[in-house]
Amino acid sequence: MTGPDTPTSFKLAYVPGVTPSKWVRIWNERSPDVPLELVQTTAAEAAALVREREVDAVLLRLPIDREGLHAIPLYTETTVVIVPKDHLVAAADEVTVDDIADEIVLHPLDDTLDWDAPPGKPALERPATTADAIELVAAGVGLLVVPQSLARLYHRRDLTYRPISGPPESGVALSWPDEETSDLMEQFIGIVRGRTVNSTRGRQQAPEKQPPEKKTPVKGKRPQAAGRKPQAGNRRAPQGGKRGKPRRRG
């Protein structure tokens, strides 16, 4: 994986809530000579970042416009609702969209769930970011529905969250430019797919030519050259020959 044409690094962007640390650790173990550079980006800018070749690949949330991009779905997250700790929802193990139908549910502009509008009652204004919406939940303005990783990312002591059924789920995918699957890209694909270090990955390379194997002659047997005449004293007639008649003793 090294040579004059090998890139000096591999740039990987990721959106909030996605934690690539495990894959980065495996990369560093397998390719210590090629640093993996992490670039944090927003959900809105993630696809454009890799489409414009500013990074080699990106971990983003689906759905996206796949024109000019590859995308491998990796996993799907649980959707949760964030509420104040003293809210009635906090007493349940799991809720449905009907349980929050009468609540104000915030819909930030950077919402990562694929829906036209969240359940419940809309707020007067949409928060600019998920972080802003978290602050409003803490202030008692409304509730917020997000992927579970974002609830963990913006954790506060005065807030909690519960799984909610009904809203869309957030899928996380690995994306990179179409028609630019380099050897390093293939290697990272193998890592996120759980391939071992001995698994086939990357582009197929021609096998190295091995030196011809030396044959060791078997002891006790001497090779006979083609066309060699039998040695003198050999009583055995050549194959296909005739034996002479024995002489009578006088």
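Presented here is an overview of the structure given in this document. Position numbers for residues start from 1 in each chain and track the written sequence from start to end. Totals for whole chains, interfaces and linings use all residues, but because this is a predicted model, local features are given only for residues with pLDDT of at least 70 and pairs of side-chain atoms are given and counted only at 80 or more. To obtain the side-chain values, all non-hydrogen atoms of the structure were used and water was disregarded.

1. Here we look at the sheet that holds strand β6 (residues 95–96)
The cut-off we apply is this: DSSP-based pairing: two strands are paired if at least 2 bridges between them are found. Working definition: helices are DSSP H or I runs of at least four residues, strands are E runs of at least two. Numbering for both runs from the N terminus. Contact between two residues is taken to exist if any of their heavy atoms lie within 4.5 Å; hydrogens are not considered. Fitted lines through C-alpha atoms serve as axes, helices being fitted only where they are in contact, and the angles separating the N-to-C directions of these axes extend from 0 to 180 degrees.
Across the sheet, which stays open at both edges, the 5 strands sit in the order β6-β9-β5-β8-β7 with mixed pairing between neighbours. Every interior strand has two partners, whereas the edge strands, β6 and β7 (105–106), have only one. One ladder, built from 4 bridges, connects strand β5 (residues 79–84) with strand β8 (residues 143–147); its direction is antiparallel. Each bridged residue has a counterpart across the sheet, and for T79 the counterpart in β8 is P147. Here helix α3 (residues 130–138) sits on the sheet and contacts β5, β7, β8 and β9 (159–165); the angle it forms with β8, its principal contact strand, is near 140°.

2. Some thoughts on the nonpolar core
In plain terms, the rule: Put simply, buried Ala, Val, Leu, Ile, Met, Phe, Trp, Tyr and Cys residues joined by side-chain atoms within 4.5 Å make one nonpolar core. When a residue's accessible area, from a 1.4 Å probe over protein chains only, is under 20% of the maximum for its type it is buried; when over 50% it is exposed; and in between it is partly exposed.
Counting residues in hydrophobic clusters, the biggest one holds 34 residues, and the most contacted among them are F10, L12, W27, L60, L174, M185 and F188. Taken together, the elements giving at least two residues each to this core come down to β1 (10–14), α1 (21–30), α2 (46–51), β3 (57–62), β4 (69–76), β10 (171–177) and α5 (183–192). Top element by residues in this core is α5. It accounts for 6 residues. Discounting chain neighbours no more than four positions away, the residues touching L60 are V15, A46, A47, G171, V172, A173 and S175. Within the second largest apolar cluster, 12 residues are counted, among which are V83, I100, V105 and L143.

3. Focus: the sheet that holds β1
The 5 strands lie next to each other as β2-β1-β3-β10-β4, forming an open sheet whose pairing is mixed. Every other strand in the sheet has two partners, leaving β2 (36–40) and β4 as the edge strands with one partner each. Neighbour-to-neighbour, the strand axes of this sheet turn through a mean angle of 25°, independent of strand direction. In this sheet, β2 lies alongside β1 in parallel orientation, the contact comprising 5 bridges. The residue of β2 that forms the bridge with F10 is L36. Strands in contact with α1 are β1, β2, β3 and β4; relative to β2, the strand with the most contacts, it is inclined by about 160°. Along the sheet, α5 contacts β1, β2, β3, β4 and β10; its crossing angle with β10, the most-contacted strand, is approximately 165°.

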